[in-house]
Amino acid sequence: MNTVDVLVIGAGPAGLAAALRLKQKNRDLSVMVLDKAFAPGAHSLSGSVIEPLCLDELVPGWRTAAGSIATQMKPVCKDEMYFLTGRGALRIPGLLVPPGMHHAGDQIVSLARLVAWLADVAAREGVDVYHAVSAVSLLWEDGAVKGVKLADQGLDKDLKPK
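Source: prediction; values computed, not measured.

**Some points on the side chain of Lys-23**
No. 1: Its location among the elements puts Lys-23 in helix H1 (residues 13-25).
No. 2: One buried charged side chain, Lys-23, makes no salt bridge at all; its nearest oppositely charged neighbour is Asp-28, positioned 7.0 Å away.
No. 3: Engagement of the side chain of Lys-23 in a polar contact is seen with the backbone oxygen of Arg-27, the distance being 3.1 Å.
No. 4: Contact partners of Lys-23, with chain neighbours within four places excluded, come to Leu-29, Ser-30, Val-31, Glu-125, Gly-126 and Val-127.

Here is the structure:
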């Protein structure tokens, strides 16, 4: 049984970013991330559009670092929004699209690759990232969460599920 200061369940972009930021703010804090996917990014299957400024804050120097996700990103070159109906799609004029919905300056990237890279960055910063581990319930003690119960996995010495 491991004891940690902070336990994050889910190694998606938000969980990894939270764990990384906590570790950056307090190097002495023990931070662990558990994820049910068998490998970093394995459950993040879509593409994404991200504002790269958030990565500038979270991982300074990421754009030029060796092995960075920056080499796998492409800039957004066209931005359109549509209203979908049962019969088709209606293009919404750019002037009517809220400013936060425009993606000029944003980057297109595979979410699976972004998550795998972010898991590596977090691990290098001292975050313990574990994959193929499913949390099934919270463990409570005196009205406070004290941990999580993990799913039984694997076989015992007699090759029976445990």
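**Considerations on the nonpolar core**
No. 1: Counting 25 residues, the largest nonpolar core has Leu-16, Val-59, Leu-114 and Trp-117 as the members making the most contacts within it.
No. 2: When contributions to this core are tallied by element, the ones reaching two or more residues are H1, strand E2 (31-34), helix H2 (52-58) and helix H3 (111-124).
No. 3: Looking at which element gives the most residues to this core, the answer is H3, with eight residues.

Parameters at a glance
Sequence order as written defines residue numbering, which begins from 1 separately in each chain. For this predicted model, a pLDDT threshold of at least 70 governs which residues receive local features, and a threshold of 80 or more governs which side-chain atom pairs are given and counted, while totals over whole chains, interfaces and linings are taken from all residues. Side-chain numbers here rest on the full set of heavy atoms in the structure, without hydrogens or water. Secondary structure counts use DSSP, requiring at least four H or I residues in a row for a helix and at least two E residues in a row for a strand, with both numbered from the N terminus. Residue burial is assigned from relative accessible area. The probe radius is 1.4 Å, only protein chains are included, and a residue is buried under 20% of its type maximum, exposed over 50%, and partly exposed in between. Just so you know, the count uses Lys and Arg for positive and Asp and Glu for negative, and it drops His and the chain ends. A side-chain nitrogen of Lys or Arg and a carboxyl oxygen of Asp or Glu constitute a salt bridge if their distance falls within 4 Å. N or O atoms within 3.5 Å of each other form a polar contact, as long as, within protein, one can give a hydrogen and the other can take it, and as long as residues adjacent in sequence are counted only when both atoms are side-chain atoms. Contacts were defined at the residue level, with two residues in contact if any of their heavy atoms lie within 4.5 Å. For this analysis, a nonpolar core means a set of buried residues of the types Ala, Val, Leu, Ile, Met, Phe, Trp, Tyr and Cys, connected via side-chain atoms within 4.5 Å.

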